[in-house]
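Chain by chain, the residues:
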There are 2 protein chains.
Amino acid sequence: MSSPTIDDVAKQAKVSIKTVSRVVNREPNVRKETREKVQHAIDLLGYTPNLSARRLAAKRSFLVGLVYDNFHATSAYVVNVQCGVMASCSQSGYELLIHPLNVDNATLINEVIDFTHRSQVDCLVLPPPLSDHTHLCNQLAAQNIPFVRLSPVFNLNDSLYVQTNDRSAAFDMTMKLIELGHSDIAFVAGRPDHYAVSERHLGFVDAMQSAALPIREEWIKIGASTFDSGKDCGVALLKNTPRPTAIFAGNDEMAAGVMSIAHTLGIRIPEDLSVAGFDDSDLARQSWPALTSVRQPVQAMAKAAADLLFLSLKTPSNTDLSRCFACEIILRDSTGPTIKINETAND
Amino acid sequence: MSSPTIDDVAKQAKVSIKTVSRVVNREPNVRKETREKVQHAIDLLGYTPNLSARRLAAKRSFLVGLVYDNFHATSAYVVNVQCGVMASCSQSGYELLIHPLNVDNATLINEVIDFTHRSQVDCLVLPPPLSDHTHLCNQLAAQNIPFVRLSPVFNLNDSLYVQTNDRSAAFDMTMKLIELGHSDIAFVAGRPDHYAVSERHLGFVDAMQSAALPIREEWIKIGASTFDSGKDCGVALLKNTPRPTAIFAGNDEMAAGVMSIAHTLGIRIPEDLSVAGFDDSDLARQSWPALTSVRQPVQAMAKAAADLLFLSLKTPSNTDLSRCFACEIILRDSTGPTIKINETAND
DNA sequence: TCCAAATATGACAACGCTGTCAATAAAAAC
DNA sequence: GTTTTTATTGACAGCGTTGTCATATTTGGA
């Protein structure tokens, strides 16, 4: 049961515990043959350093905290972020502590700060929408708690972050719809406090303007990033005539909601209506027809974020503070060329 | 930055550190007024015990490990389990350490054992399919690592566990289909090594037998619990005549795959074909038509599992070793009464 | 009032590691 | 062959708690 300690290894290898410590921590200035001798003893005994002791002595916990909104984020996103961070952790010898919470909770900031102190994590990873919670970020900075932000929009100079080109990806997707012959394009925006998602709206606007297409105000709907809100927006967009020939939604869930309503109303996809989403979640592959979407390399981003964090912890002088990842458009069956509505046979 | 230590509190309250320790740990034999005095000092200074020191001294980490398969479980399930365990953690003062892995990995057992030692977690929560990995469970037991199993099927006497009545829920769902007039019912089974899911197959068989309906072997398909495998099974079931009038899938993903194929083949749901899933995941609400499914109280189960674990850690003599939760059938739009195929108009 | 028992508090040694700094061994320069 | 420099190793003191055991202090009974 009881694991061997550093003393056991030291005794076995006939060196001091400090030398064992050096080997374990890959410190320089250990002769090769000593290192091998110690390593051999470690292997023989199956020694694993006691993290608590190490933490206590080194005043570091080797723990990363991942704080995220569990009530508004899709589970696929959450899991991808977890995996990405985890991948970086295993490389750097960190362990991952998670702390789901509700971003609408009034005590949010206290909860995060409390968690940080209680669990003694060395640093935090903040996915959206927490990454744009200015007050929280300021508090963390004030308390010298290192953190990295995923897909932030504001105050980029102040901290570590990893981004995607949401805006230009949304631009590209909109252009793709325009190339397919659509000009009557509606947009379903996400939660307004989820700023990364609002960038997508801007990209849509950019594209429409660059193609000199009119943006009809009644074809811009604000959803809540959920399937149900997508349904609501879908009803509002599709019940009236004229209706758009294409709907671009700020995320896949809302796009699926729109598709669901379209099916119910007997509107064929993609013949009568093209639908595009964003995120390329599992849902995009699993809905019918399979949803055209924009793939964000969430996992790679999360890994890069954690990499950045660990690097900056190790070498605080490091100037490499951010990375930007490119999105990729995934064309599936929910989008197609326009057909004039009065040419269709279904109604 | 640097938090106050127990020394600071002791000095502030003019008592020894040991007395502060007693108050913090709610130990007996502290006079009421002393306790209040100390508590006041703690509040004043905003003292939080240093977990690493506590762990080192008490030889406990106050950490729970959640090890799960990240490649075959749906993210919704994973997130629900995390939340449930988390809920129990916050009550009991534990923190949650996660460790996703691939169950197909040959080094699985070593990886879990390594993780346990490295991270020094006090105990583990094992969701399926790990909960039925007999070899792993034996290893953990042999190493005196406490753990609780979620939805296990085998060796129930040997350990803590939390279960659902998968089999009888599958029975009920099948009966529901039979009551709707279906007799030509197919079943899509999940990964054979995911035993909890196989129980659902047994429930299906139970119901068919109790209704004296024949089980056609070519209408039992073995999937891999994924959407794509559901599509494959759907093709196999729906391309030939006669085809079933209802398909019951072992999970929602596969059910969605079946629906997708049905749509492609022009088979209307539920008019021509009823489809039922299991798990009541987000996907069930988000697919079209909305999927009839069986709701497992995953989060409540995970919480109960962790509760059980913490209780048994505290009072090892405790005899309350397991709990069983009931599933609930959620009727949605993907199931309906049978209509004879030659009466339908669509083909 | 005094003494035993119960209750409350404190001193001090772990816990297993890392950081600091001194001591030694090896290499390089003279 | 010395001396200087550099590389390698070790002794020892924390890190902030808890556990053990000894020492007050209070309580209750005679």
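Computed from a predicted structure; not experimentally measured. (Residues numbered from 1 in each chain as written. Chains lettered and ligands numbered in written order. Predicted model: local features only at pLDDT ≥ 70, side-chain atom pairs only at ≥ 80, totals over all residues. Heavy atoms only, no water.)

1. What to know about the overall build of chain A
- When you go through chain A residue by residue, the secondary structure sums to 13 helices and 12 strands.
- The globule rule puts the C-alpha radius of gyration for 347 residues at 20 Å, and the 25 Å found for chain A is more than 25% above it.
- For chain A, the C-alpha atoms occupy an extent of roughly 90 × 40 × 35 Å along the three principal directions.
- Here the contacts in chain A between residues at least 6 apart in sequence split such that 70% fall between residues at least 24 apart.
- Of the roughly 15100 Å² of accessible surface on chain A, a fraction of 50% belongs to carbon and sulfur atoms.
- Positive and negative side-chain charges of chain A, numbering 32 and 38 respectively, have mean locations separated by a distance of 10 Å. (Helix = DSSP H or I, 4+ residues; strand = E, 2+ residues; numbered from the N terminus. Rg over C-alpha atoms; globule rule 2.2 N^0.38 Å. Contact = heavy atoms within 4.5 Å. Areas by Shrake-Rupley, 256 points an atom, 1.4 Å probe, with all protein chains shown as cover. Lys, Arg positive; Asp, Glu negative; His and termini not counted. Charge placed at Lys NZ, Arg CZ, Asp CG, Glu CD.)

2. Some words on the protein's contact with DNA strand D
- Neighbouring DNA strand D are 26 residues, the closest being Thr19, Arg22 and Thr34 of chain A together with Lys18 and Ser21 of chain B.
- When the atoms of DNA strand D within 4 Å of the protein are grouped by moiety, sugar and phosphate amount to 62% of the total.
- Thr19 of chain A is positioned with one of its side-chain polar atoms (N or O) 2.7 Å from a phosphate oxygen of DNA strand D.
- At 2.7 Å from a base nitrogen of DNA strand D is found a side-chain nitrogen or oxygen belonging to Lys18 of chain B.
- Looking at the surface near DNA strand D, the element that brings in the most residues is helix H4 (residues 51-58) of chain B, giving 4 residues.
- Residues of the surface near DNA strand D, tallied by class, amount to 11 nonpolar, 9 polar and 6 charged. (Near = heavy atom within 4 Å. Polar contact = N/O pair within 3.5 Å; in protein donor to acceptor, adjacent residues only side chain to side chain. Nonpolar A, V, L, I, M, F, W, Y, C, P; charged D, E, K, R; others polar.)

3. Here we look at the environment of Met254 of chain A
- Inspection of the secondary structure assignment puts Met254 of chain A in helix H11 (residues 252-264).
- C-alpha separation for the pair Met254 of chain A and Leu273 of chain A, spaced 19 residues apart in sequence, amounts to 15 Å.

4. Some remarks on the interface of chain A and chain B
- The interface is formed by 44 residues belonging to chain A together with 43 residues belonging to chain B.
- Summed over the shared surface of chain A and chain B, the number is 2 salt bridges.
- Between Arg285 of chain B and Asp228 of chain A there is a salt bridge whose closest N-O contact spans 3.8 Å.
- Contributions of two or more residues to the side of chain A that touches chain B are made by helix H4 (51-58), strand E1 (63-69), helix H5 (75-92), strand E2 (95-101), helix H6 (108-119), helix H10 (227-238), H11 and helix H12 (282-286) of chain A.
- By residue number, the principal contributor to the side of chain A that touches chain B is H5 of chain A, which donates 7 residues. (Salt bridge = Lys/Arg side-chain N within 4 Å of Asp/Glu carboxyl O.)

5. What to know about the protein's contact with DNA strand C
- Taken together, 24 residues sit near DNA strand C, with Ile6, Ser21 and Tyr47 of chain A together with Thr19 and Thr34 of chain B positioned nearest.
- Here the atoms of DNA strand C within 4 Å of the protein split so that 64% fall in sugar or phosphate, with bases taking the remainder.
- In this structure, Arg31 of chain B approaches DNA strand C through a main-chain N or O atom, which is 2.9 Å from a phosphate oxygen.
- At the level of elements, helix H2 (17-24) and H4 of chain A together with helix H2 (17-24) and H4 of chain B are the ones that each hand at least two residues to the surface near DNA strand C.
- If you tally residues by element for the surface near DNA strand C, the top one is H4 of chain A, at 4 residues.

6. With respect to the domain arrangement of chain A
- Segmenting chain A into domains produces domain 1 (6-49), domain 2 (63-164 + 298-325) and domain 3 (166-296 + 331-343).
- Relative to domain 3 of chain A, the C-alpha centre of domain 1 of chain A lies at a distance of 60 Å. (Domains from an automatic or database assignment.)

7. Quick word on the relation of the copies chain A and chain B
- Mapping chain A onto chain B is achieved by rotating through 180 degrees and translating by 0.2 Å along the same axis, at an RMSD of 0.4 Å. Interpreted geometrically, this transformation is the action of a two-fold axis.
- The share of interface residues of chain A whose copies in chain B are also at the interface is 98%, consistent with both copies meeting through the same surface. (Least-squares fit on C-alpha atoms with pLDDT ≥ 70 in both.)

8. Structural notes on the packing of helix H1 (residues 6-13) of chain B against helix H3 (residues 32-45) of chain B
Residue and element names in this part refer to chain B.
- Close contact between H1 and H3 brings their axes to 9 Å; oriented N to C, the two are set at 125 degrees. When the interaxial angle is binned, H1 and H3 end up oblique. The handedness of the crossing between H1 and H3 is right-handed. Listed contacts from H3 to Asp8, Val9, Gln12 and Ala13 of H1 are Lys37, Val38, Ala41, Ile42, Leu44 and Leu45. (Axes fitted to C-alpha atoms, helices over the stretch in contact; angles between N-to-C directions. Parallel < 35°, antiparallel > 145°, perpendicular 65-115°, else oblique. Left-handed = near helix turned anticlockwise from the far one by under 90°.)

9. Things to note about the sheet that holds strand E8 (residues 246-249) of chain B
Residue and element names in this part refer to chain B.
- Read from one edge of the open sheet, 4 strands run E7-E6-E8-E9, paired in parallel fashion. At either end of the open sheet lies a strand with only one pairing partner, and these are strand E7 (220-222) and strand E9 (274-276). Neighbour-to-neighbour, the strand axes of the sheet open up by a mean angle of 15 degrees, direction not taken into account.
- Direction of pairing for strand E6 (residues 185-189) relative to E8: parallel, over a ladder of 4 bridges. Residue Ala186 lies in a different strand from E8, and its bridge partner there is Ile247.
- Along the sheet, helix H8 (residues 166-179) makes contact with E6, E8 and E9, crossing E8 at roughly 170 degrees.
- Here helix H9 (residues 195-210) sits on the sheet in contact with E6, E7 and E8, set at roughly 165 degrees to E6. (Pairing = 2+ DSSP bridges.)

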